[in-house]
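An overview of the molecular structure
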Amino acid sequence: MRLDKFLSDTTDLTRSLAKKAMHREEVMVDGVVVKNPATQVGPDNAVSWLGQSLALVGMRYVMLHKPAGAECSARRGLYPLAHELIDLPKAERLNPVGRLDVDTTGLVLMTDDGQWSHRITSPKRRCEKVYEVTLAEPLEGEAARRAVEAFREGVLLDGEDQPTKPAELEMREAQRARLVLIEGKYHQVKRMFAAIGHHVTALHRSSIGPITLDAALAPGEWRELTQQEVDAFR
Ligand code: URA
């Protein structure tokens, strides 16, 4: 990797500031000042800036218990961003693997490994996401049976021309349901319930494929995934 890229990956310097730092003779490779930004460096080189040694961070894989009021987005709007809750260097490079709405809570996977993320979100993989849903009004009896069947067959969402893929709805109580989706359209759960005349008042994602939200994590808390959890999507 080029030295200017190495510096921008391991510090807050942009590539152009990294070049200036090299020009000021602040950067050393294996104990020697290096001024050429195109110099190739690898894991065996000792790189330092202003005497501080630098190491590349590898790919990171995190599960976050997203609280309500945090946003899975790249740019800061009204709400704190999901990566701002994660106390790791360069956390802004961790991208959410599929988004949750601001008011939705639960499992968000975050990583800087784009290929791993794609394996989970690719529509071809049909990765199951489990949601716990709270409804404003009871959905019971014959109406509940029709909802289960409608979701299994697919419903046409407002503004779409293709029905949703088969989804598994289980009514646990009159106003509480579990819904398993194998796709991730915008606001899909809320729009599916809207399509059958119901309003979702609370939504929580409890699992993505084989990874379940760790019950030890309170809203706003996170942990790195275990190797086994990472490998589950390899
Ligand atoms: N479906 C929604 O409507 N909202 C979410 O946050 C996730 C799925």
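Notes on the structure follow. (Residues numbered from 1 in each chain as written. Predicted model: local features only at pLDDT ≥ 70, side-chain atom pairs only at ≥ 80, totals over all residues. Heavy atoms only, no water.)

1. A few points about helix H4 (residues 141-153)
Selection criterion: Secondary structure elements follow DSSP: runs of H or I of four or more residues count as helices, runs of E of two or more count as strands, with numbering from the N terminus. In a helix, the anticipated span is given by 1.5 Å times the number of residues less one. The cut-offs for exposure are 20% and 50% of the maximum accessible area for each residue type, with area from a 1.4 Å probe on protein chains only; residues under the lower value are buried, those over the upper are exposed, and the others partly exposed. Note: the arc covers the axis-to-C-beta directions of the helix. Note on contacts: a residue pair is in contact if any heavy atoms of the two residues lie within 4.5 Å.
With 13 residues, H4 ought to run about 18 Å at 1.5 Å a step, and its terminal C-alpha atoms sit 19 Å apart, in line with that. All buried positions along H4 are accounted for by Ala 144, Ala 147 and Phe 151. Down the axis of H4, the smallest arc covering the buried residues is 55°, so these residues share one side. Projecting away from the buried face of H4 at angles above 90 degrees are the exposed residues Arg 145, Arg 146, Arg 152 and Glu 153. Next to the buried residues of H4 lie strand E9 (168-173), strand E10 (176-181) and helix H5 (188-195). One or two steps after H4, the chain reaches Gly 154, where phi turns positive at roughly 105°.

2. Details of the sheet that holds strand E4 (residues 52-54)
Put simply, the rule reads: Paired strands, as defined in this entry, are two strands with at least two bridges between them according to DSSP.
Across the sheet, which stays open at both edges, the four strands sit in the order E2-E1-E3-E4 with antiparallel pairing between neighbours. With one partner strand each, in any of the chains shown, strand E2 (32-33) and E4 form the two edges of the open sheet.

3. Things to note about the pairing of E10
Relative to E10, strand E8 (residues 129-135) runs antiparallel, the two sharing six bridges. The residue of E10 that forms the bridge with Lys 129 is Leu 181. Two elements, E9 and E10, share five bridges in a ladder whose sense is antiparallel. Following the sheet pairing, Met 171 is matched in E10 by Ala 177. What sits between the antiparallel neighbours E9 and E10 is a turn of two residues.

4. A few points about the packing of helix H1 (residues 3-10) against helix H2 (residues 15-23)
We apply this condition: Axes here refer to lines fitted to C-alpha atoms; in helices the fit is confined to the stretch in contact. Angles between the N-to-C directions go from 0 to 180 degrees. Convention used here: angles under 35 degrees read as roughly parallel, angles over 145 as roughly antiparallel, angles from 65 to 115 as roughly perpendicular, and any remaining angle as oblique. In this scheme the crossing of two helices becomes right-handed for a clockwise turn of the near helix relative to the far one and left-handed for an anticlockwise turn of less than a right angle.
Remark: H1 packs on H2, axes separated minimally by 8 Å, with the N-to-C direction vectors making an angle of 115°. Classified by the angle their axes make, H1 and H2 are roughly perpendicular. Helix-helix and strand crossings are classified by hand; for H1 and H2 the assignment is right-handed. The residues of H2 that touch H1, namely those facing Leu 3, Asp 4, Lys 5, Leu 7 and Ser 8, are Arg 15, Ala 18, Lys 19 and Met 22.

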